[in-house]
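So you can see what is in the structure, the chains are spelled out below.
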Amino acid sequence: MPTSLNSINNWKAFFDETGRISLFAARFFREVVKPPLEWRELLRQCYVVGYQSLLLVAVTGFIIGLVFDLQVRPTMIDFGAVGYMPAMISISIVREIGPIITALICAGKIGSSIGAELGSMKVTEQIDAMEVSGTNPFKFLVVTRILAVTLMLPLLVIMADTVALFGAFLVENLKGDVTFRLYFNKVFNNIVFGDLIPSTLKSFFFGFAIGLIGCYKGYNAEKGTAGVGAAANVAVVISSLLLFVLDLIAVLVTDIFYDL
Amino acid sequence: MQTRPQIQANPLIFNEKERGAALIAIRDLHKAFGNHHVLNGFHMDLFERENLVIVGKSGSGKSVLLKCIVRLEEYDTGTLTVLGSNISELGQDELDRVRSDVGFLFQGSALYDSMTVRENLQFPLRRHADRMRGENEEKLILSALESVGLAHTLDLMPEELSGGMKRRVALARTLILRPKIILYDEPTSGLDPITSKEIIELIMKVQHQYDTASLIITHDMDCARVISNRMIILVDGINYGEGTYQELAASEDPKIRAFFK
């Protein structure tokens, strides 16, 4: 039965890979609490991950705000609920669209770049050279990168949310004559800590997932330059998928708290 | 076809009395990847200030042997002692201390490509700040680069260097901690004859200037002829032949002769 055998092998490979990623994550938690932390490299990575993604995230956030408002506005007019636009847009962006879109962009930009960089370092023996020089490459390369993405992603999400709200305001102002003050009054009247905290918390998990998968794939890259390409590619695919799974879990957990 | 300019062979020939204690001692080393047995009871000693060359066909386990010495690979059975320490029994801190006494020149140079030449040399220095305490970092970097003739490349990125320059910068990075032993993995592979000659001269200069012992893995017999004080021919994971270049070159054994054709 070759089909069922294939299926068994695929599941085996899936669990095998999941186990390896879990061990890699466990090693991260072991190493992150073991001093000393590579502060200089961590700051450099925060700069690379955070500052160098600002423009991309800002432009995307702005366009998402514009497009979202333009798409939803006619339907809201049909229902006679155009006055609820700022409230609806702010809740959608802060709770869901901002975090997931920013995380997906970062999975593409940062996840692939970490996968390719570490993969290239692996196949050109730079990681071995680091180890031979008495440096723990896991701590220097992996811990700093995962921490940097975990810390920077929530900040990028907050910025993307803010810019997206400005984008949506622009449409509201041009098409509906809504003033800046009125728009943001309505926005802030409808956003509560119950919206902000879960979305910020899940952004930390998104960042961790992107950093973890990028580092795991790069650190374990093999088979020369093809392996580097594969590491970058697979890092994006797996982390994007994982983001949706984490998002689903986050929404389910948040719902439990809302019900309470 | 370009031929390599002639260099005088290494004049240092050791006799048993001059050798002293072995810096690296390997006995009955076995290493396999699945069913593929790479090392099958390999043994060797590396003595102070000597250049020991190991030659073997591609895939004969030469690079694996070097990686076992610095524990980048774990061997299966046997004993491997580096500077008096059994390498497989060392904890991480002790291993790092031993590694700081063993320089490793990788086949592809392995320069950190996101760092400048200066930062590449700073990296091991900062990791072992206690070892180089009281020494001026900038002076050490300049002196290491000057010893390989590349002081002007201080602020260049690795991508701006040629293959030969990368190899020399990598050697400077290896030398900066003043190791007692240097492991060279195919130091002349992929280089043109003139650059190969420069690297060979540099390896000999390092041996004399820094009093290091070197273990050189190569399949370049011209390099082996010039550099070696002693040679080991690795066939099927064992020491098939051992002696000076001249002794091995005079051998009638067909497997040894194959290397000298």
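Calculation rules
Residues numbered from 1 in each chain as written. Chains lettered and ligands numbered in written order. Predicted model: local features only at pLDDT ≥ 70, side-chain atom pairs only at ≥ 80, totals over all residues. Heavy atoms only, no water. Pairing = 2+ DSSP bridges. Helix = DSSP H or I, 4+ residues; strand = E, 2+ residues; numbered from the N terminus. Contact = heavy atoms within 4.5 Å. Axes fitted to C-alpha atoms, helices over the stretch in contact; angles between N-to-C directions. Phe/Tyr/Trp six-rings, centres within 6.5 Å; stacked < 30°, edge-to-face > 60°. Buried < 20%, exposed > 50% of the residue type's maximum accessible area, 1.4 Å probe, protein only. Lys NZ or Arg CZ within 6 Å of the ring centre and 35° of its normal. Arc of directions from axis to C-beta. pLDDT = per-residue confidence, 0-100. Disulfide = S-S within 2.5 Å. Salt bridge = Lys/Arg side-chain N within 4 Å of Asp/Glu carboxyl O. Core = buried A, V, L, I, M, F, W, Y, C linked by side-chain atoms within 4.5 Å. Patch = residues over 30% accessible without salt bridge, like charges linked within 9 Å, V, L, I, M, F, W, Y side chains within 5 Å. Areas by Shrake-Rupley, 256 points an atom, 1.4 Å probe, with all protein chains shown as cover.

Enquirer: Residue-level account of the sheet that holds strand 4 (residues 77-82) of chain B, with values.
Expert: All names here are of chain B. Read from one edge of the open sheet, four strands run 2-1-4-5, paired in antiparallel fashion. The sheet is open, and its two edges are formed by strand 2 (36-47) and strand 5 (85-86), each paired on a single side. Here helix 2 (residues 62-69) sits on the sheet in contact with strand 1 (22-33), strand 2 and strand 4, set at roughly 120° to strand 1.

Enquirer: Describe the packing of aromatic side chains, naming the residues involved and giving the relevant values.
Expert: The relation between two aromatic rings is expressed through the spacing of the ring centres and the mutual angle of the planes. Scanning all chains against the criterion turns up 23 aromatic pairs over all chains. Both rings, one in B:Tyr245 and one in B:Phe260, keep their centres 5.2 Å apart while their planes meet at 70°; by these two values the pair is edge-to-face. Remark: B:Phe260 occurs in helix 10 (residues 254-260) and B:Tyr245 occurs in helix 9 (residues 245-249); sequence separation between them is 15 residues. As far as burial versus exposure is concerned, B:Tyr245 and B:Phe260 are alike and both buried. Taken together, A:Phe166, A:Phe169, A:Phe180, A:Tyr183, A:Phe184 and A:Phe188 form an aromatic cluster joined through their ring pairs. For the cation-ring pair, B:Lys31 lies above B:Phe33, with the distance from its terminal atom to the ring centre recorded as 4.8 Å. Looking at B:Arg173, its charged tip hangs above the ring of B:Tyr112, at a distance of 4.5 Å from the centre.

Enquirer: Describe helix 2 (residues 39-49) of chain A, listing the residues and the values that go with them.
Expert: Since the α-helix advances by 3.6 residues per turn, residues separated by three or four positions end up pointing in the same direction. Residue and element names in this part refer to chain A. Turning to helix 2, its buried residues are Glu41, Leu42, Gln45, Cys46 and Val49. Seen end-on, helix 2 carries its buried residues on one side only, within an arc spanning 145°. Facing away from the buried side of helix 2, by more than 90 degrees, are the exposed residues Trp39, Arg40 and Leu43. Next to the buried residues of helix 2 lie helix 4 (85-123) and helix 6 (137-176).

Enquirer: Report on the confidence of the model for chain B, specifying residues and quantitative values.
Expert: A residue-level look at chain B finds 93% of positions with pLDDT of 70 or above and a mean pLDDT of 88. Mean pLDDT per element in chain B: helix 1 (residues 16-19) of chain B is the minimum at 58, and strand 4 of chain B is the maximum at 95.

Enquirer: Which residues make up the state of the cysteines, and what values do they have?
Expert: Across all of its chains, the model carries zero disulfides over all chains by this definition. With no disulfide of its own, A:Cys106 lies 13 Å from the sulfur of A:Cys46, the closest cysteine sulfur.

Enquirer: Can you lay out the environment of A:Ile238 for me, pointing to particular residues and giving the numbers?
Expert: Residue and element names in this part refer to chain A. With respect to the element layout, Ile238 can be found in helix 9 (residues 224-259). When its relative accessible area of 26% is taken as the criterion, Ile238 is described as partly exposed. Excluding residues within four positions of it along the chain, Ile238 makes contact with Ile213 and Lys217.

Enquirer: An account of the side chain of B:Arg71 is requested, with residue identities and associated values reported.
Expert: Residues and elements named next belong to chain B. Relative to the helices and strands, Arg71 is located in the loop between helix 2 and strand 4. Classification of Arg71 by relative accessible area gives buried; the value is 17%. Among all residues touching Arg71, those that are not within four sequence positions of it are Ile87, Ser88, Glu89, Leu90, Leu95 and Arg99.

Enquirer: I'd like to hear about the pattern of salt bridges, residue by residue, with values.
Expert: Residues and elements named next belong to chain B. Throughout the structure, instances matching the rule amount to 31 salt bridges over all chains. The residue Arg230 makes a salt bridge to Glu50 at a minimum N-O spacing of 2.8 Å. Separated by 180 residues along the polypeptide, Arg230 in strand 9 (residues 230-235) and Glu50 in the loop between strand 2 and strand 3 (51-56) bring together distant segments of the chain. Exposure class is identical for Arg230 and Glu50. Each is buried.

Enquirer: Just give me the short version of unusual backbone geometry, but keep the residues and values in it.
Expert: Omega for the bond connecting A:Pro35 with A:Pro36 falls within 30 degrees of zero, at 0°, which places this linkage in the cis form. Relative to the helices and strands, A:Pro36 is located in the loop between helix 1 (2-32) and helix 2. Despite not being glycine, B:Leu83 shows a phi value in the positive range, around 50°. Following the sequence through the fold, B:Leu83 ends up in the loop between strand 4 and strand 5. Its identity is not glycine, yet B:Ala110 carries a phi of approximately 55°, on the positive side. With respect to the secondary-structure elements, B:Ala110 resides in the loop between strand 6 (102-105) and helix 4 (117-127).

Enquirer: Hey, could you go over the nonpolar core for me, with residue numbers and the actual values?
Expert: One broad trend across soluble globular proteins is that nonpolar side chains are buried collectively. Counting 83 residues, the largest nonpolar core has B:Phe42, B:Met44, B:Ile69 and B:Leu183 as its most contacted members. Looking at this core element by element, the count peaks at 14 residues for helix 6 of chain A. Beyond its immediate chain neighbours, meaning those up to four positions away, B:Ile69 contacts B:Ile24, B:Ile26, B:Leu80, B:Val82, B:Ile87, B:Leu183 and B:Leu215. Listed in part, the 47 residues of the second largest apolar core include B:Leu125, B:Leu150, B:Leu154 and B:Leu202.

Enquirer: Explain a nonpolar patch on the surface to me, using residue names and the numbers behind them.
Expert: Residues and elements named next belong to chain A. Residues Leu151, Phe193, Leu196, Ile197, Leu201, Phe204 and Phe205 make up a contiguous nonpolar surface patch of about 690 Å² in total accessible area. Of the residues forming the nonpolar patch, the biggest block, six residues, is contributed by helix 8 (residues 193-219). Residue placement: Phe193 occurs in helix 8.

Enquirer: Describe the sheet that holds strand 3 of chain B, listing the residues and the values that go with them.
Expert: Strand pairing within a sheet occurs via backbone hydrogen bonds; the two strands may be parallel or antiparallel. Residue and element names in this part refer to chain B. In spatial order, the strands read 6-7-8-3-9-10; together these six strands make up an open sheet with mixed pairing. The open sheet terminates on both sides in strands that have one partner only, identified here as strand 6 and strand 10 (238-243). Neighbour-to-neighbour, the strand axes of this sheet turn through a mean angle of 20°, independent of strand direction. Taken together, the four bridges between strand 6 and strand 7 (residues 181-185) define a ladder with parallel strand orientation. Counterpart to Leu105 in the pairing with strand 7 is Tyr184. The sheet contacts of helix 7 (residues 193-210) involve strand 3, strand 7 and strand 8 (213-218), and relative to strand 7 the element is tilted by about 170°.

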